[in-house]
Amino acid sequence: MNKDKLFGFIGLGNMGQPMAQHIARKGYRLLVHDIAGTRDRAPENSLIAASNAEVVERAQVVALSLPTVEVNQLVVQEIAELQPDECVIVDTCTIGPTAAAKNAQVLDKAGLGYVDSPVSGLRFRALEGTLTSMVSGPLNQIDQARPLVECYSANVFVVGEEAGQGQQMKMINNALCISSYVTTSEALAYGESGGLQLETMLAVINASSGQSFATSQTFPKFVASGKFNSGCEAHIIEKDLRLFVEDALRQGTDNTVIAKALERVVNFVAEDRTQDQFRIYPFIKSSKPDS
């Protein structure tokens, strides 16, 4: 895409702000808006819009990074009602297959494109510009969106041509990742109870068959370090894991173990929904069996 064309970005929170920053750093003209205060959050060298409406009316490709399914759908409805010309919406949010399919229908009726493009990697990879994007939608619209998506992604996988397939891939990834927070916490808590050191256990696991993204990346960064500052609040992982369980039930596939992990996450979130997601380790460590 010609860099003289204008990209848009709506939502400059924990993930959106660094993602937008990478678009601006690549030399693209970028118009941004965030309801919480655009000027304070706007990336360097970006243009500041007065509203979501201004972004979609001026930009040819617009990315969304919004905090909840409900907010996402409200913004999509707002965009559809504006009916801007030749605009492709790139939805980076985690909203589940059903919501993505509905978004595509709403925008298609307004003559607008929709690319289902959730991301994985947490805030630290958003800051690095090394996220993984799982993309689905009409191939011509993906082609229009690709230059924007590649700005913040180390990996871009086209997983299908239907809205919701990107979300389904994200649900699979999240189910494995978040449920591993539970199993990793239980295993490490067992080890600490026997006098093993957390750092030692992680080193051994990461050289052995039990390694995972949790043991190799997130637990060393955010648990063993004692920082608990991943940028993701506890209620987000509950939402994400619940989306998988609900969609698995809808499709009639077995989710017994992951549903059990969701129960532990629900109890963790009930303690403090805004605490960092990796405080699940001290929560599980202090729990009694069957509590």
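Details of the structure are given in the entry above.
Residues numbered from 1 in each chain as written. Predicted model: local features only at pLDDT ≥ 70, side-chain atom pairs only at ≥ 80, totals over all residues. Heavy atoms only, no water.

**So, the overall build of the chain**
(1) Moving on: Scanning the chain from terminus to terminus reveals 13 helices and nine strands.
(2) Moving on: Taken over the C-alpha trace, the chain has a radius of gyration of 20 Å; the compact-globule value for 291 residues is 19 Å, and the two agree within 12%.
(3) Moving on: The 291 residues of the chain split such that 52% are buried.
(4) Moving on: Once local pairs closer than 6 in sequence are excluded, the contacts in the chain between residues at least 24 apart make up 64%.
(5) Moving on: Of the roughly 13,600 Å² that the chain leaves accessible, carbon and sulfur atoms contribute 49%.
(6) Moving on: Once the 25 positive and 33 negative side-chain charges of the chain are each reduced to a mean point, those two points are 5 Å apart. (Helix = DSSP H or I, 4+ residues; strand = E, 2+ residues; numbered from the N terminus. Rg over C-alpha atoms; globule rule 2.2 N^0.38 Å. Buried < 20%, exposed > 50% of the residue type's maximum accessible area, 1.4 Å probe, protein only. Contact = heavy atoms within 4.5 Å. Areas by Shrake-Rupley, 256 points an atom, 1.4 Å probe, with all protein chains shown as cover. Lys, Arg positive; Asp, Glu negative; His and termini not counted. Charge placed at Lys NZ, Arg CZ, Asp CG, Glu CD.)

**Some points on helix 5 (residues 97-109)**
(1) Moving on: Taking 1.5 Å per residue as the helical rise, helix 5 with its 13 residues ought to reach 18 Å, and the 19 Å between its terminal C-alpha atoms agrees with that figure.
(2) Moving on: Those residues of helix 5 that sit buried are Pro97, Ala99, Ala100, Asn103, Ala104, Val106 and Leu107.
(3) Moving on: The elements touched by buried residues of helix 5 are helix 4 (69-82), strand 5 (88-91), strand 6 (113-116), helix 8 (165-193) and helix 11 (234-251).
(4) Moving on: The positive-phi residue at the C-terminal boundary of helix 5 is Gly111, with phi of around 80°. (Expected span 1.5 Å × (residues − 1).)

**Digging into the side chain of Gln217**
(1) Moving on: Within the fold, Gln217 resides in helix 10 (residues 213-224).
(2) Moving on: Ignoring anything within four residues of it in the chain, the contact list for Gln217 reads Phe124 and Arg125.

**Focus: the layout of surface pockets**
Summary: where empty space remains is shown by rolling a probe the size of a single water molecule over the atoms.
(1) Moving on: Roughly 1,200 Å³ of volume is contained in the largest pocket.
(2) Moving on: Forming the boundary of the largest pocket are 47 residues, of which Met15, Ser65, Leu66, Cys232 and Ile236 lie nearest the centre.
(3) Moving on: Listed by contribution, the elements that provide at least two residues to the lining of the largest pocket are helix 1 (16-25), helix 4, strand 7 (119-120), helix 6 (122-128), strand 8 (131-136), helix 8 and helix 11.
(4) Moving on: In terms of residue count, helix 8 provides more of the lining of the largest pocket than any other element does, seven residues in total.
(5) Moving on: By residue class, the composition of the lining of the largest pocket is 21 nonpolar, 18 polar and eight charged. (1 Å grid on protein atoms, 1.4 Å probe; cavity = no way out; pocket = protein on both sides within 12 Å on 5 of 7 lines; lining within 4 Å. Points joined across faces, edges and corners; volume = space filled by probe spheres on them. Nonpolar A, V, L, I, M, F, W, Y, C, P; charged D, E, K, R; others polar.)

**Observations regarding the pattern of salt bridges**
(1) Moving on: Going through the model one piece at a time under the given rule, you end up with nine salt bridges.
(2) Moving on: Note that Asp34 and Arg41 form a salt bridge whose closest N and O atoms lie 3.2 Å from each other.
(3) Moving on: The exposure class of Arg41 is partly exposed, given its relative accessible area of 32%. (Salt bridge = Lys/Arg side-chain N within 4 Å of Asp/Glu carboxyl O.)

**Here we look at the packing of aromatic side chains**
(1) Moving on: According to the stated counting rule, one finds nine aromatic pairs in the structure shown.
(2) Moving on: Note on Phe219 and Tyr281: the rings are 6.3 Å apart at their centroids and 70° apart in plane angle, and the pair reads as edge-to-face. Of this pair, Phe219 sits in helix 10 while Tyr281 sits in helix 13 (residues 280-286), and the two are 62 residues apart along the sequence. As far as the burial class goes, Phe219 and Tyr281 line up, both buried.
(3) Moving on: A network of ring pairs unites the aromatic residues Phe124, Tyr181, Phe213, Phe219, Phe222, Phe278 and Tyr281 as a single cluster. (Phe/Tyr/Trp six-rings, centres within 6.5 Å; stacked < 30°, edge-to-face > 60°.)

**Some thoughts on the packing of helix 9 (residues 198-206) against helix 10**
(1) Moving on: Contact geometry of helix 9 with helix 10 gives a least axis separation of 10 Å together with a crossing angle of 170°. As far as their axial angle goes, helix 10 and helix 9 are roughly antiparallel. Packed against helix 9, whose contacting residues are Leu198, Glu199, Leu202, Ile205 and Asn206, the element helix 10 presents Thr215, Ser216, Phe219, Pro220, Val223 and Ala224 at the interface.
(2) Moving on: When the residues that make up the contact of helix 9 with helix 10 are grouped by side-chain class, the tally is seven nonpolar, three polar and one charged. (Axes fitted to C-alpha atoms, helices over the stretch in contact; angles between N-to-C directions. Parallel < 35°, antiparallel > 145°, perpendicular 65-115°, else oblique.)

**Here's the deal with helix 8**
(1) Moving on: For helix 8, built from 29 residues, the straight-helix expectation of 42 Å at 1.5 Å per residue is met to within 8% by its first-to-last C-alpha distance of 42 Å.
(2) Moving on: One or two steps after helix 8, the chain reaches Gly195, where phi turns positive at roughly 95°.

**Here's the deal with the side chain of His33**
(1) Moving on: Examined against the element boundaries, His33 turns out to sit in strand 2 (residues 29-33).
(2) Moving on: Judged by relative accessible area, which is 10%, His33 ranks as buried.
(3) Moving on: In this structure the side chain of His33 is engaged in a polar contact, spanning 2.9 Å, whose partner is the side chain of Asn52. (Polar contact = N/O pair within 3.5 Å; in protein donor to acceptor, adjacent residues only side chain to side chain.)

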